[in-house]
Amino acid sequence: MKAAVLVAPDEVAVVDDRPEPSCGPRDVVVAVHGVGLCGSDLAVISGRRAVPSLPWVLGHEAFGVVIAAGEEVTDRFAGQRVVVEPNYPCLACPACAAGATAGCAHRRAAGITEPGLLAERVAVPARFTWPVPADWDETDVVCVEPFTVALNAVRMSGLAAGDRCLVAGAGSQGLLVAMAAAHAGGVPYIVEPHKGRRALALRLGAGDAAGLPAGTSFPVVIETSGAPEAFERALERLAPGGTLIAVGQSPRPARLTTFALVQQRLTVRGCLIYDHPADFSRTIAMLGEHDLHPGRVLRERFELAEAPKAFARAAEIAGKTWISLPRTEETHP
Ligand SMILES: [Zn+2]
Ligand SMILES: [Zn+2]
């Protein structure tokens with residue numbers, strides 16, 4: 001079976017020697033149709049994010065069709081189109097019991113602690129697959145996971161209708177955050193040094209923060225780039241009493257004075273992925289009710305054989321990159 005694997009730091013290969021996935025009693029096997037690429041994948045490839053072993057199957061933003069279900073699975077069946085929720089909390093610890101599954105200390109993550117999903121077929125826990133209608137465009141389906149991250153960040157920010165929101169960074173996550181902020185009734189503005197990414201954000205409906213009068217501040221700032229310098233500059237744009245949500249992350253320190261924090265009564269909060277099952281459930285319901293089309297952030301599509309190029313492009317281009325796989329489920333029942 002084919003898969004895209006990391007063979008050494010900064011070296012991605014497509015191999016054809018992966019064993020077929022084995023379906024546990026509570027798993028389903030999914031024939032993968034598409035996988036979105038994001039900054040987490042790039043962190044794994046560069047070695048900034050350590051993985052348990054090499055070669056390592058990459059990818060986590062996957063959708064496809066169920067081709068087999070384990071003996072204890074009663075609510076998934078072959079032929080069902082599903083999106084994978086690629087973080088698997090334990091659902092038993094105090095954080096999970098409180099519904100805050102992003103904080104689960106035992107959480108497993110596809111592509112990071114567990115083998116990734118950029119393979120022809122993958123076994124995943126059935127409860128972490130979400131059925132989606134067959135008529136949804138695949139470009140929107142492949143964005144369900146990162147859009148859930150974006151919607152969660154906006155919800156956590158408390159952005160109110162009519163409020164300006166500064167989105168720092170117009171990588172794929174920043175574009176999705178701007179889209180989520182607009183859907184919440186906010187008015188997103190982007191700050192982004194990469195010309196192409198900034199232009200794409202404006203085309204997708206965000207305002208250009210550089211065009212606002214000097215000193216314009218924002219009740220909500222969402223930092224998606226992870227660059228400490230961008231975090232520092234974004235913090236300076238926060239209005240008194242405002243909230244900064246950090247989505248991007250870096251091990252390098254960012255400066256923050258307690259004087260500013262206290263005098264301006266600022267809230268700074270980290271937002272890590274999403275909680276199971278509430279957040280995916282909400283995203284899928286929302287996509288069913290509104291013409292949101294998060295797939296608008298996609299710019300380049302590659303075949304599985306082109307995975308090394310796809311990851312290289314993901315680091316450079318404006319917009320999101322994804323890999324689509326041929327429909328092989330008929331030949332592998
Ligand atoms: Zn991702
Ligand atoms: Zn847990």
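Treat the numbers as computed from the prediction; the structure is a model and nothing was measured.

### What to know about the UniProt feature "domain: Enoyl reductase (ER)" (unreviewed entry) in the protein chain
In the numbering adopted here, UniProt assigns the feature "domain: Enoyl reductase (ER)" (unreviewed entry) to residues 7–323. Between the C-alpha atoms that bound residues 7–323 the distance is 19 Å, and the span itself is 27% helix and 27% strand.

### Considering the sheet that holds strand E2 (residues 11–15)
Taken in spatial order, the three strands line up as E2-E1-E4 in an open sheet, and their pairing is antiparallel. Only two strands of the sheet have a single partner each, and these edge strands are E2 and strand E4 (56–57). Note: strand E1 (residues 3–8) against E2, five bridges, orientation antiparallel. When the bridges of E2 are listed, alanine 3 appears paired with valine 15.

### Considerations on the coordination of the zinc ion (ligand 1)
For the zinc ion (ligand 1), every protein donor is listed as Cys38 (SG), His60 (NE2) and Glu61 (OE), and the spread of their distances is 2.0 to 2.2 Å. Linear spacing of the donor residues for the zinc ion (ligand 1) on their chain is C-x21-H-E. Glutamate 61 matches histidine 60 in its accessibility class, with the two residues each being buried.

### Notes on the packing of aromatic side chains
For the structure shown, the criterion picks out four aromatic pairs. For the ring pair tyrosine 88 and phenylalanine 128, a centre distance of 5.3 Å and an interplane angle of 45 degrees mean the geometry is tilted. On the criterion of sequence distance, the pair formed by tyrosine 88 in strand E7 (residues 87–88) and phenylalanine 128 in the loop between strand E9 (121–125) and strand E10 (129–131) is long-range, its members being 40 residues apart. The same class applies to tyrosine 88 and to phenylalanine 128, which are both buried. Centre to centre, the rings of tyrosine 274 and phenylalanine 280 are 5.2 Å apart; their planes meet at 75 degrees, and the pair counts as edge-to-face. Residue tyrosine 274 shares its accessibility class with phenylalanine 280, and that shared class is buried. An aromatic cluster is built from Trp130, Tyr274 and Phe280, whose rings are joined through pairwise contacts. Directly above the aromatic system of phenylalanine 218 lies the positively charged group of arginine 164, at a separation of 5.7 Å from the ring centroid.

### Comments concerning helix H9 (residues 278–289)
For H9, spanning 12 residues, the distance from its first C-alpha to its last is 17 Å, which sits close to the expected 16 Å at 1.5 Å a residue. Taken residue by residue, H9 has Asp279, Phe280, Thr283, Ile284, Met286 and Leu287 as its buried positions. One side of H9 holds all its buried residues, which, seen down the axis, span an arc of 160 degrees. H9 presents Gly288 and Glu289 as exposed residues on the side facing more than 90 degrees away from its buried surface.

### A closer look at the coordination of the zinc ion (ligand 2)
The zinc ion (ligand 2) binds to the protein through Cys90 (SG), Cys93 (SG), Cys96 (SG) and Cys104 (SG), with metal-donor distances spanning 2.3 Å. Of note is the zinc ion (ligand 2), whose four donor atoms meet at the metal with angles of 105 to 118 degrees in an arrangement that counts as tetrahedral. Accessibility expressed as a relative area gives 9% for cysteine 96, which makes it buried.

### Considering the domain arrangement of the protein chain
Examined at the domain level, the protein chain breaks down into domain 1 (3–137 + 293–324) and domain 2 (149–270). Measuring from the centre of the C-alpha atoms in domain 1 to the corresponding centre in domain 2 gives 28 Å. Taken together, the contacts link 12 residues of domain 1 with 10 residues of domain 2. Of the roughly 890 Å² buried where domain 1 meets domain 2, counting both sides, 61% is carbon and sulfur surface.

### Considering the pattern of salt bridges
Using the criterion set out here, one finds 13 salt bridges in the structure. Put simply, glutamate 20 and arginine 121 hold a salt bridge, and the shortest N to O gap is 2.6 Å. On the criterion of sequence distance, the pair formed by glutamate 20 in the loop between E2 and strand E3 (27–36) and arginine 121 in strand E9 is long-range, its members being 101 residues apart. A salt bridge links glutamate 72 to arginine 26, with the shortest nitrogen-to-oxygen separation between them at 3.1 Å. Pair noted here: glutamate 72 is in the loop between strand E5 (61–69) and strand E6 (81–84) and arginine 26 is in the loop between E2 and E3, with a separation of 46 residues, a long-range link. With relative accessibility at 60%, the residue arginine 26 sits in the exposed group. Among the charged side chains, a network of salt bridges with common partners joins Arg155, Asp279 and Arg282.

About the thresholds
- The written sequence of each chain sets the order in which its residues are numbered from 1.
- Labels are handed out in written order, letters beginning with A for the chains and numbers beginning with 1 for the ligands.
- Reporting of local features is limited, given that this is a predicted model, to residues whose pLDDT is at least 70; pairs of side-chain atoms are given and counted only at 80 or more, and all residues count toward the totals for whole chains, interfaces and linings.
- Based on all heavy atoms of the structure, the side-chain values leave hydrogens and waters out of the count.
- UniProt positions are given in the numbering used here, feature names are shortened, and annotations may be inferred rather than shown by experiment.
- Numbered from the N terminus, helices here are DSSP runs of H or I no shorter than four residues, and strands are runs of E no shorter than two.
- Paired strands, in this sense, are two strands between which DSSP finds at least two bridges.
- A 2.8 Å cut-off from the metal defines N, O and S donors, relaxed to 3.2 Å for Na, K and Ca; water is not in the atom list, so some sites may appear incomplete.
- The buried label goes to any residue with under 20% of its type's maximum accessible area, the exposed label to any with over 50%, and the partly exposed label to all in between, with areas taken from a 1.4 Å probe on protein chains only.
- Only centres within 6.5 Å qualify two rings of Phe, Tyr or Trp (six-membered ring in Trp) as a pair; their planes then separate them into stacked at under 30 degrees, edge-to-face at over 60, and tilted for everything else.
- The criterion for a charge sitting over a ring is simple: Lys NZ or Arg CZ within 6 Å of the ring centre, and within 35 degrees of the ring normal.
- The span you would expect from a helix comes to 1.5 Å times its residue count less one.
- The arc in question is the one traced by the directions running from the helix axis out to the C-beta atoms.
- A four-donor site is called tetrahedral if each angle lies between 85 and 135 degrees; a four-donor site is square planar, and a six-donor site octahedral, when trans pairs exceed 155 degrees and the remaining angles lie between 65 and 115; all other cases are labelled irregular.
- Residue ranges for the domains originate in an automatic or database domain assignment.
- Residues are treated as being in contact if the distance between any of their heavy atoms lies within 4.5 Å.
- Using a 1.4 Å probe, buried area is obtained as the accessible area two parts lose upon being combined, added over both of them.
- In what follows, salt bridge is the name for a side-chain nitrogen of Lys or Arg lying within 4 Å of a carboxyl oxygen of Asp or Glu.

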